[in-house]
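# Structure assessment
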Amino acid sequence: MTEETNQAPNLYALLIGVDCYMPNKLPDGSQYNNLGGCVRDINHVEAFLKDTRKVPETQILKLTASVNPESPNQEQPVEPPDKLPTRRNIVNNFRKLGEIAPPKSQVYIQYSGHGGRAKTHYRDIKGDDGIDEGLVPTDIGTSEGQYLRDLELAKLLKELVDKELVVTLVLDCCHSGGATRGDVQIRGVNVVDDKPLQSTFEPVAELDVLVANWKDLTEQGTRGLKAVGLPETKDCVVLAACRQNEVAYEYAFNRETKERNGALTYWLLDTLRQQNSRQTYKDLFERIQAKIYSQFPSQTPILIGEVNREIFGSDLAETVYAIPVLKVEQNAQTGEMQAKLAVGQVNGLGKGAEFAIYPRSTIDFTKKENRVAIARIIQRGATESLCKLELIEGKEFKVEDGDQAVLISPSINLVRKVSLIYQEEAPPEQTQPVLAFNKLLPEIYKQQANALETIKKALLGNGWVELAEQKVAEDDDEGVAYQVALNNNGEYEICDRAGHPFEHITPVKLSRSDAAVTVVKRLVHLAKYHATAELDNNDKTSPLADKLVVSWLGTSDNYQPGDKIPPRSQLQQFTDPSNPTVKTGEYIFLSIHNNSSQDLNVAVLDLASDWSIEQIYPNKGLNLETIEAGRKEVLPIPAGSAGEDTVKVFATVDSANFRWLELPSLDEELKPKGLARSGNPLDTLLAAIGEEQPPTRKLSVAASPSREWTTKQISLIVTT
């Protein structure tokens with residue numbers, strides 16, 4: 001890559017990835033199995049730090065345990081002993097990081113691997129039945145192998161903070177386990193280990209020091225334990241893959257290569273590559289949370305610490321990171337224009353990544369009108385990739401060798417893929433509820449082939465959802481979105497990509513005459529819902545980038561429509577600000593702040609847990625409400641039915657009709673919108689999601705609207 005931007009010479013990193021676990025055994029006979037995407041996570045993060053942030057190799061410490069690709073059953077990692085993430089090496093490299101990083105430096109630490117739980121060694125503060133949570137080193141199964149426990153991790157972080165280092169810790173792991181279907185794996189197990197300490201065990205500090213540090217940290221916060229058992233602290237930022245009782249997934253986002261990545265790391269890097277000036281960790285987290293929730297509803301990332309701190313703590317240069325177009329040519333078979341770009345696997349980018357092409361003489365990449373085409377990777381190499389070129393409406397199609405390419409927000413998949421899950425027959429002597437996962441009772445198993453064949457036929461011609469096993473598209477970079485399987489009650493279930501049934505979707509009895517048709521209608525509904533949920537405009541060159549600020553202020557149980565909006569001091573504050581909760585019948589207050597220098601026209605949509613989408617502001621009769629430059633609007637929103645909702649705020653400098661995105665609740669008829677088309681490119685983009693048949697497989701945010709717009713979304717939980 002060519003442009004030297006976003007430099008951070010004061011950034012130091014410790015990167016830890018464990019795919020290969022030496023032979024080990026847990027109390028229930030299970031083990032920490034090898035993983036498939038942790039080392040890849042770390043390699044991609046390393047490439048981002050080197051290529052985009054220009055961090056010298058001497059400032060990056062790296063420990064990895066890789067599975068031998070030529071001998072995957074080999075029980076030892078391929079790296080030399082001093083580069084392995086053993087417990088000893090992890091502790092030593094934490095302290096080495098503190099030695100090489102000067103005071104005031106930024107420190108980035110990431111761990112990708114299994115998380116573990118064990119009986120506590122610190123009964124004085126956790127009790128006799130207490131649990132230690134921690135990281136699982138590659139040598140956990142050896143005589144010297146031990147977890148890096150929560151108290152120890154907290155002490156190592158405290159040592160770095162005491163040296164005046166600004167710490168960011170990312171943990172792509174979990175402490176729970178479970179069963180999955182498809183190209184998915186979980187980074188944790190459901191076992192509490194009771195492995196005793198060996199006489200040679202060396203703690204990171206004396207017991208009284210660990211205990212004193214832990215007590216000091218737990219007295220700082222009010223929210224209890226969070227990420228990997230760590231208490232909340234104001235001294236550093238911790239981004240963790242999931243809550244303590246949830247699982248962290250790694251998934252084959254690339255169906256062609258089957259390469260896995262942790263869901264957290266995948267969307268973390270995707271967001272960092274599109275990072276805007278003065279973006280905070282809270283901004284970063286909100287997008288990651290939305291992306292993961294749309295794909296893995298049972299995984300909820302968490303963020304604690306100095307969440308309003310700017311990412312890596314430094315102002316970003318306004319220049320944009322560009323790469324060269326190496327060669328432009330026409331495909332002899334299809335006639336399509338293609339370009340080869342100097343970017344590939346080493347940069348952590350995959351098939352489907354998109355770039356805006358600018359003429360080679362371009363200096364100012366903030367002007368979208370200078371773009372001449374959009375390039376999408378269709379064949380990824382190690383350092384070079386082949387891209388399909390797409391015309392931008394109203395532009396002369398002229399791309400030449402030496403032009404410059406800038407990474408942009410990827411297109412949204414309108415056409416989603418569904419996989420039909422064929423399960424094994426359970427032995428006749430087994431009955432519910434002792435059946436293993438993916439096992440069907442004999443009487444249900446006999447119906448499986450015919451039932452799934454009926455779904456295949458019902459899928460034909462719907463346009464929005466297609467069978468993954470029958471068609472692998474050239475631009476397929478998102479993998480399977482949905483799974484359909486039978487349960488042992490003789491019902492169809494619609495599942496997420498991890499194979500877990502979606503919440504608030506009741507199974508459909510096989511005996512229903514319209515069962516298959518109902519399942520396909522639901523899949524189409526979900527495809528439209530998720531297209532809206534993923535609709536984003538993260539173009540860092542936009543003048544509206546990060547100018548729309550939304551937040552929850554609090555709740556009220558006595559507010560009535562027409563009342564004056566109460567000041568924040570009179571609202572009930574959230575017990576857990578990172579997990580805002582409101583009771584049915586109460587009001588929750590949404591703050592929308594226009595930080596731009598121009599007036600913005602705003603619409604607010606509620607993506608509800610019953611799979612409906614409704615515009616809740618402004619009310620019927622108006623499509624948009626104007627918020628003047630620099631002004632703030634506070635909206636009272638009544639809490640509806642129980643569940644987890646997402647509120648999405650759209651803002652544009654021109655007119656648009658976001659009611660194109662509205663959906664009824666699941667199983668209600670999808671009726672034609674009957675809305676007038678303005679010819680506005682943004683309206684055209686929105687209308688594509690509301691069509692009965694999708695006009696294209698992918699919706700290109702970068703190529704479609706010429707007018708500026710932006711969006712933000714935040715979630716809340718409604719309880720009874």
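Residue numbering note: each chain is counted from 1, following its sequence as written. Only residues with pLDDT of at least 70 get local features here, since the model is predicted, and only at 80 or more are side-chain atom pairs given and counted; chain-wide, interface and lining totals rely on the full set of residues. With hydrogens and water stripped out, all remaining heavy atoms of the structure feed into the side-chain values.

On to the overall build of the protein chain. Regarding its fold elements, the protein chain presents ten helices and 37 strands. The burial tally for the protein chain puts 58% of its 720 residues in the buried class. Across the protein chain, contacts joining residues at least 24 apart in sequence account for 74% of those joining residues at least 6 apart. Residue burial considers only the protein chains on display, and all accessible areas are found by Shrake-Rupley using a 1.4 Å probe. With an accessible surface of roughly 29700 Å², the protein chain has 47% of that area assigned to carbon and sulfur atoms. Helical segments are the DSSP runs of H or I of at least four residues, strand segments are the runs of E of at least two, and each set is numbered from the N terminus. Think of it in three bands: residues with accessible area under 20% of the maximum for their type are buried, residues over 50% are exposed, and the middle band is partly exposed, with areas taken using a 1.4 Å probe on protein chains only. By the convention used here, residues are in contact when the closest approach between their heavy atoms is within 4.5 Å.

We now examine the sheet that holds strand 4 (residues 115-119). Here four strands make up an open sheet; going across it, the order is 6-5-4-9 and the pairing mixed. Edge strands, defined here as strands with exactly one partner in the open sheet, are strand 6 (148-149) and strand 9 (188-193). As paired elements, strand 4 and strand 9 share three bridges and run parallel to each other. Paired with G115 across the bridge in strand 9 is G188. For two strands to be treated as a pair, DSSP must find no fewer than two bridges joining them.

With that out of the way, let us pick up the nonpolar core. A general feature of soluble globular proteins is that nonpolar side chains tend to end up buried together. Buried Ala, Val, Leu, Ile, Met, Phe, Trp, Tyr and Cys residues that are joined via side-chain atoms within 4.5 Å together make up what is termed a nonpolar core. The biggest cluster of nonpolar side chains holds 56 residues, and the ones touching the most others in it are Y492, L523, L535, F658 and L686. For this core, the element with the highest residue contribution is helix 9 (residues 515-534), accounting for eleven residues. Once you skip the residues sitting within four places of it in the chain, L523 turns out to touch V418, L459, V465, Y482, V484 and I494.

Another aspect to go through is the side chain of H114. For H114, the position within the fold is in the loop between strand 3 (106-112) and strand 4. When its relative accessible area of 3% is taken as the criterion, H114 is described as buried. Only 2.8 Å separates the side chain of H114 from the backbone oxygen of N33, close enough to count as a polar contact. Under the rule applied, a polar contact is a pair of N or O atoms within 3.5 Å (in protein, one hydrogen donor and one hydrogen acceptor; residues adjacent in sequence only if both atoms are side-chain atoms).

A few words now on the side chain of T168. By secondary structure assignment, the location of T168 is in strand 7 (residues 166-172). For T168, the side chain forms a polar contact with the side chain of R309, separated by 2.7 Å.

The next subject is the packing of aromatic side chains. The pairing test for Phe, Tyr and Trp rings, Trp by its six-membered ring, is centres within 6.5 Å, and the orientation test on the planes gives stacked under 30 degrees, edge-to-face over 60, and tilted for anything in between. All told, the structure shown has 13 aromatic pairs when counted by the stated rule. Aromatic side chains Y32 and Y147 sit 6.2 Å apart centroid to centroid with 75 degrees between the ring planes, which places their arrangement in the edge-to-face category. With Y32 in the loop between strand 1 (11-18) and helix 1 (38-51) and Y147 in the loop between strand 5 (131-135) and strand 6, this pair connects stretches of sequence that are 115 residues apart. For the pair shown, Y32 and Y147 are each scored as buried. Feature note: the residues Y482, F502, Y529 and W611 constitute an aromatic cluster, connected by ring pairs.

An order of 24-21-25-26-27 is seen for the five strands of this open sheet, with the pairing classed as mixed. The sheet is open, and its two borders are formed by strand 24 (465-467) and strand 27 (508-509), each paired with just one other strand. Relative to strand 26 (residues 491-495), strand 25 (residues 482-487) runs antiparallel, the two sharing five bridges. Of the residues in strand 26, the one forming a bridge with Q483 is C495. For helices, the fitted line uses only the C-alpha atoms of the stretch in contact; every axis is such a line through C-alpha atoms, and the angle between N-to-C directions lies from 0 to 180 degrees. Helix 8 (residues 442-459) contacts strand 21 (416-420), strand 24, strand 25 and strand 26 of the sheet and is inclined by roughly 145 degrees relative to strand 25. Along the sheet face, helix 9 touches strand 21, strand 24, strand 25, strand 26 and strand 27 and points at about 10 degrees away from the line of strand 26.

Note on definitions: salt bridges are taken to be side-chain nitrogens of Lys or Arg within 4 Å of carboxyl oxygens of Asp or Glu. The tally for this structure, following the rule as stated, stands at 30 salt bridges. Among the ionic pairs, D270 bridges to R287, the shortest N-O distance being 2.7 Å. Here the residue D270 occupies a position in helix 6 (residues 263-272), and R287 occupies one in helix 7 (residues 281-295), the gap between them amounting to 17 residues. Taking relative accessible area as the criterion, R287 reaches 9% and is therefore assigned buried.

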